[in-house]
Amino acid sequence: FTRAAAHMDMQFSDENSIQDRSIYEDRYVFANHLNNSGFISDEHYDEYLSNYAIGYGGLKEPDLLIHLKASPKVLRERIAKRGRESEKQLLYSNNPYLEELDSLYSKMISNYSGKTLIINSENYDLANNLRDKERVLSLVKNNLGLDSG
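Note that this is a predicted model, so its numbers are computed, not measured.

Trainee: Which parts of the structure should I look at to understand the pattern of salt bridges?
Mentor: Pairing is possible between side chains that carry opposite charge, provided their charged atoms lie close to one another. Summed over all chains, the structure comprises eight salt bridges. The shortest N-O distance in the salt bridge between K60 and D63 comes to 4.0 Å. D63 sits in the exposed class, given a relative accessible area of 56%. Across the pair R84 and E87 runs a salt bridge, and its minimum N-O distance is 3.4 Å. Each of R82, R84 and E87 takes part in salt bridges that share partners, so that together they form one network.

Written out as C-alpha cells, the structure is:
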C-alpha cells in the first residue's frame, strides 16, 4: 500500500509531483514477473491483486506516464558501465530478466488508458549530458501543455 499512499498524497497535493516508480509498474510489471517466474505463488499473486484493487480504488491517473525505453542490449551496456556488484547477474546473456521486463512494460503501456510519453532513451545520455536532460524536460513540458521556456 506504500505506492498507493504515495500516489494519493500526490493526487491531493497542490504541488507538481514526479514519481520514479508507479503503482502501475508494481502491479503490471514486477508482481506479474514475480508470479510468472515462480517467486510468488498463484495464491499469493491473487491476494496481491485483491489488495491492489483495494489500494488502487479511487486513485486518479497521473497527468502523464513517462516511459524511458531502451533495449535490453543498451540497458546491459549501461549496467556494465555503472559497475554495481548487485547488478552483475543482469549482464549475462542467458539471464532473461531485462527482456521479460521489456515485454511487461510494453504490455503495460499498450493497455494503459491515460496519457503516455514514450521516450527512446537510447537517443539521450541522461546521466552525463545536460543538453539531453533539457531536451527530455522540454518533451515532458510540451506533453503536459506547459511553457517549455
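That covers the picture; the talk isn't over yet.
Trainee: Even after reading the chapter, I still don't get the nonpolar core, so can you show me in this structure?
Mentor: The nonpolar side chains of a soluble globular protein tend to be buried with one another. By size, the foremost hydrophobic cluster in this structure holds 13 residues, and its most contacted members are Y24, V29, Y105 and M108. The contact partners of Y105, leaving out residues within four places of it in the chain, are R21, E25, V29, F30 and H67. Counting residues in hydrophobic clusters, the runner-up holds six residues, among them I119, Y124, V136 and V140.

Trainee: Would you mind showing me how to read the packing of aromatic side chains here?
Mentor: For any two aromatic rings, the description comes down to two numbers: the centre-to-centre distance and the angle of the planes. Under the criterion given, the structure shown has four aromatic pairs. Ring geometry for Y24 versus Y112: centroids 5.3 Å apart, planes at 70 degrees, classification edge-to-face. Within this pair, whereas Y24 is found in helix 2 (residues 23-36), its partner Y112 is found in the loop between helix 5 (97-111) and strand 2 (116-120), the two being separated by 88 residues in sequence. In this pair, the class of Y24 matches that of Y112, namely buried. Measuring from ring centre to ring centre gives 6.3 Å for F30 and Y105, while their planes differ by 85 degrees; the resulting arrangement is edge-to-face. Placement of the pair is F30 in helix 2 and Y105 in helix 5, with a sequence separation of 75 residues. Taken together, the ring pairs in this structure connect Y28, Y48 and Y52 into an aromatic cluster.

Trainee: Would you mind showing me how to read a negative patch on the surface here?
Mentor: On the surface, a cluster of negative charge is made up of D42, E43, D46 and E47. Among the secondary structure elements, D46 is positioned in helix 3 (residues 42-56). Overall, the relative accessible area of 45% leaves D46 in the partly exposed class.

Conventions adopted
Residues numbered from 1 in each chain as written. Predicted model: local features only at pLDDT ≥ 70, side-chain atom pairs only at ≥ 80, totals over all residues. Heavy atoms only, no water. Salt bridge = Lys/Arg side-chain N within 4 Å of Asp/Glu carboxyl O. Buried < 20%, exposed > 50% of the residue type's maximum accessible area, 1.4 Å probe, protein only. Core = buried A, V, L, I, M, F, W, Y, C linked by side-chain atoms within 4.5 Å. Contact = heavy atoms within 4.5 Å. Phe/Tyr/Trp six-rings, centres within 6.5 Å; stacked < 30°, edge-to-face > 60°. Helix = DSSP H or I, 4+ residues; strand = E, 2+ residues; numbered from the N terminus. Patch = residues over 30% accessible without salt bridge, like charges linked within 9 Å, V, L, I, M, F, W, Y side chains within 5 Å. Areas by Shrake-Rupley, 256 points an atom, 1.4 Å probe, with all protein chains shown as cover. Lys, Arg positive; Asp, Glu negative; His and termini not counted. Charge placed at Lys NZ, Arg CZ, Asp CG, Glu CD.

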